[in-house]
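What follows is the residue order along each chain.
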Amino acid sequence: MKNKKKTDKLLKNIIALLVAAAFTLVAASGLLDAWDNTVSDVLYQRQQATDGEILVLGIDRKALEELGPMPWPRSVMADVISILNSVEEKPSVIAIDVLYIGESADSDSDAYLAAAAENGRNVVTASAASFGSDIVVSDSSFLVDKRSVQAYDRPYEALENVTATGHINTMADADGVIRHALLYVDVPESGRVQSFSRTIYEKYCEAENLEPAPSPTTKDGFFYIPYTGKSGAYYDYISVADICDGSIPPDFFAGKIVLIGPYAPGLQDEYRTSIDHAVPIYGVEIQANLVDAFRRGFFPQEASQNLQLVALFIISFFMLLFFYDRKILQALAGEVLVCLLALLICHVLYMKGGVVLHVLWIPLFVSVLFVVSVALNYIGAQRERRMVENTFGHYVDPAVMKQLLEQGTSALELGGKIYDIAVLFVDIRGFTTMSETLDPPTVVEIINSYLTLTTQCIMKNHGTLDKFVGDCTMAFWNAPVPQEDSVYLACCAAMDMVEGSKALGEELQRRFGRSVSFGIGVNWGPAVVGNIGAPHRMDYTAIGDTVNTAARLEANAPGGTILISRAVADMLGDRAKVTSLGDSIKLKGKAEGYEILTLDELVR
């Protein structure tokens, strides 16, 4: 027995290790990344109130209608800059999220824009790199650089000389969602170019005499974006047209960070972001979010992938051991607790420590373990229950066994005879519901106790234990050998079961917090008794209307009640106290007026 327990424990541990390893490999493979990213976005990305220091000037439909379609003459942007800087207290930064590459055909407009930017000394312009694959030779080895800068588009020279410049490159994750920003681009022969948003932030710190916060730690230049607001929701937005026509006075922008960029469908500057997958956000708003992140100094870092995989492996291993043979309510409580705790840890570490974890991994795999374990535990309970039924099903009255042995091989032949028999059915009330809340060993122990009791009562009163049907027991008397007073014996067995169920119920209540009671039906009449079935699978049983009626009496009997037919009551005579229920209970297959009675007492 000890060796078997050790073997079972070792087998459980090996299975848990293999399952945990499988889960870890699935997580490491990236198959769950799309779902995990979606769930993580919901938990981590939250709209927040802003302080109004960042304003967005949109090149929107109104501006396009009043100032004409893009591209505008560069003199238009020069006018906007000049208006914004026309007051004594001008904006801290004017950032233009529009590329002005190379000299235009209108040299006067080019000169005007450069002069307006130089006069304000607060303008940040945009540049952009084009990436491709390139082969890098290093120490006699060849490497493929998939993010090699193939070209770099910068502002025309006169404008670049009088403005700060940052790149506006935006790269989506594999699912097309913007979750990371590129802090810098290493441009051949030009050096490292900071991002547009970082350049804006440093320009703002310079204007406000502030010490810039350190740049975020990056992986290959990328860092996680903690968004502040969705499209049009949290950054004050004004149309460029309202500046040009004087609707908004320039002193409104005093000391502000002003971002100018496309803000209309069709300008090809819309992106799906982690704060809202459904509604695209304009590129200028992404820049506003990034500038806000630099100002707040909040840069979450993704935790080590390997460390998270180790944690997933350990949790999966121990949770599988926890779920094994666990009661369903205990397993459910454990599953909910671990999932909620995992989500809480993810949230707290993100908000307090700036740590980004895989949100989906632990709740998903723990839930999978829970569902599979409950299913396997249920199957195991049903299998053990059938084993118990099969074992007890071999017990028959010695008189029956003796006659079968006397018949020899003829006892194996199919066939039957008509006997007048007393038939008893007994069933546990509420057992199905109870078995769903208990672990398999407890279910088996309870049904063992129940079957032991009913079997003892039947054998004590010389009955034939026919079969177990689920948690229902069937027995009959007066076949295959005649018995004196068979109805009385059947009713004695029924009364013994009711009395025995009281003590059994008290013991089960004390040990498991659950009690049981029996519903019993007894009938008398003719039935076919014999070997019924096929040559390779037969049962010694009774069939017929008498048997069916007894089963229906039991099905309608409340816990602790014995329902009998009028035929049984007449056979008992004055040895029993009964109560007639008339035809208040309708039995399937019986005509109106079929009388049913309760057996209340029996003279012993």
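Residue indices follow the written sequence of each chain, beginning from 1 at its first position. The predicted origin of the model limits local features to residues at a pLDDT of at least 70 and limits the giving and counting of side-chain atom pairs to 80 or more, whereas totals for whole chains, interfaces and linings rest on all residues. Computation of side-chain values: all heavy atoms of the structure, hydrogens and water removed.

Draft legend 1. Spotlight on helix α17 (residues 545–555). Exposure is judged per residue with a 1.4 Å probe applied to protein chains only, and the accessible area is read against the type maximum: over 50% gives exposed, under 20% gives buried, and values in between give partly exposed. In this text, helices come from DSSP runs of H or I with a minimum length of four residues, and strands from runs of E with a minimum of two, each type numbered from the N-terminal end. Among the residues making up α17, those that are buried are Thr546, Val547, Thr549, Ala550, Leu553 and Glu554. Projected onto a plane normal to the axis of α17, the buried residues spread over an arc of 165° and lie on a single side. By arc we mean the arc of the directions from the helix axis to the C-beta atoms, nothing more.

Draft legend 2. Spatial organisation of the packing of helix α10 (residues 305–323) against helix α11 (residues 328–353). Angular values range over 0 to 180 degrees, each being the angle between N-to-C directions of two axes fitted as lines to C-alpha atoms, with helices fitted over their stretch in contact. Relative to each other, α10 and α11 sit at 160°, their axes nearing to 10 Å. Relative to α11, the element α10 is oriented roughly antiparallel. Of the residues in α11, those touching α10 at Met319, Phe322 and Phe323 are Gln330, Ala331, Gly334, Glu335 and Val338. Angles below 35 degrees are treated as roughly parallel, those above 145 as roughly antiparallel, those between 65 and 115 as roughly perpendicular, and all remaining angles as oblique. Two residues form a contact once any of their heavy atoms are found within 4.5 Å.

Draft legend 3. Quick look at the nonpolar core. What makes a nonpolar core is a set of buried Ala, Val, Leu, Ile, Met, Phe, Trp, Tyr and Cys residues whose side-chain atoms join them at distances within 4.5 Å. Core analysis: the biggest nonpolar cluster contains 46 residues, and Leu424, Trp477, Phe518, Ile520, Val522, Ile562 and Leu572 have the highest contact counts within it. Non-local contacts of Leu424, meaning those with residues more than four positions away in its chain, are made with Thr473, Met474, Ala475, Trp477, Ala490, Ala493, Ala494, Met497, Ile520, Gly521 and Val522. Among the nonpolar cores identified, the runner-up in size contains 29 residues, and Val76, Val98, Val240 and Ile243 belong to it.

Draft legend 4. Quick peek at the sheet that holds strand β6 (residues 177–178). Pairing between two strands is assigned when DSSP locates at least 2 bridges connecting them. Taken together, three strands build an open sheet; the order of strands is β6-β13-β14 and the sheet is mixed. Unpaired on one side and paired on the other, β6 and β14 (276–282) mark the two borders of the sheet. Along the sheet, helix α9 (residues 283–296) makes contact with β13 (270–273) and β14, crossing β14 at roughly 95°.

Draft legend 5. Fine view of the pairing of strand β8 (residues 184–187). Relative to strand β9 (residues 191–194), β8 runs antiparallel, the two being bridged by four bridges. Residue Asp186 lies in a different strand from β9, and its bridge partner there is Arg192. The turn linking β8 back onto β9 is made up of three residues, and Glu189 within it adopts a positive phi angle of 70°.

Draft legend 6. Quick peek at the packing of aromatic side chains. Each pair of aromatic rings taken from Phe, Tyr and Trp, with Trp reduced to its six-membered ring, is defined by centres within 6.5 Å and is described as stacked if the planes are under 30 degrees apart, edge-to-face if over 60, and tilted in the remaining cases. This structure, assessed with the given rule, holds 15 aromatic pairs. Judged by centre distance (4.6 Å) and plane angle (35°), the ring pair of Tyr263 and Tyr282 falls under tilted. Placement of the pair is Tyr263 in the loop between β12 (257–262) and β13 and Tyr282 in strand β14, with a sequence separation of 19 residues. Residue Tyr282 is classed as buried on the basis of its relative accessible area of 10%. Through a chain of ring-to-ring contacts, three or more aromatic side chains come together here, namely Tyr44, Tyr224, Phe298 and Tyr350. Over the aromatic face of Tyr184 sits the side chain of Arg192, whose NZ or CZ is 3.6 Å from the ring centroid. Note on criteria: charge over ring means Lys NZ or Arg CZ within 6 Å of the ring centre, with the direction from the centre no more than 35 degrees off the ring normal.

Draft legend 7. Representation of the environment of Val87 in the model. With respect to the secondary-structure elements, Val87 resides in the loop between α4 (74–84) and β2 (93–96). Under the relative-accessibility criterion, Val87 is labelled partly exposed at 24%. Sequence separation between Val87 and Phe253 is 166 residues, and the spatial gap between their C-alpha atoms is 9.6 Å. In this structure, Val87 is in contact with Pro250 and Asp251, ignoring residues within four places of it in sequence.

Draft legend 8. Representation of the side chain of Asp269. Within the element layout of this structure, Asp269 appears in the loop between β12 and β13. With no salt bridge to any partner, buried Asp269 finds its closest opposite charge in Arg61, at an N-O distance of 15 Å. When near neighbours in sequence (up to four residues on either side) are disregarded, Asp269 contacts Asp97, Pro262, Ile281, Tyr282, Gly283 and Val284. Asp and Glu count as negative and Lys and Arg as positive, but His and the ends of the chain are not part of the count. Any Lys or Arg side-chain nitrogen located within 4 Å of an Asp or Glu carboxyl oxygen qualifies as a salt bridge.

Draft legend 9. Structural detail: the environment of Pro91. Looking at the secondary structure, you find Pro91 in the loop between α4 and β2. What makes Pro91 buried here is its relative accessible area of 2%. For the pair Pro91 and Ala557, spaced 466 residues apart in sequence, the C-alpha separation works out to 87 Å.

Draft legend 10. Summary view of the pairing of strand β18 (residues 464–469). Note that β18 and strand β19 (residues 472–477) share five bridges and pair antiparallel. Opposite Lys467, over in β19, you have Met474 as the bridge partner. As consecutive antiparallel partners, β18 and β19 are separated by two residues, and within that stretch Gly470 has a phi angle of approximately 65°, a positive value.

Draft legend 11. The arrangement of unusual backbone geometry in detail. With omega at 0°, the peptide bond leading from Met70 into Pro71 counts as cis. One non-glycine residue, Glu189, lies in the positive phi region at around 70°. A positive phi angle, near 60°, is found at His462, a position not held by glycine. Looking at the secondary structure, you find His462 in the loop between α15 (440–460) and β18. Taking relative accessible area as the criterion, His462 reaches 45% and is therefore assigned partly exposed.

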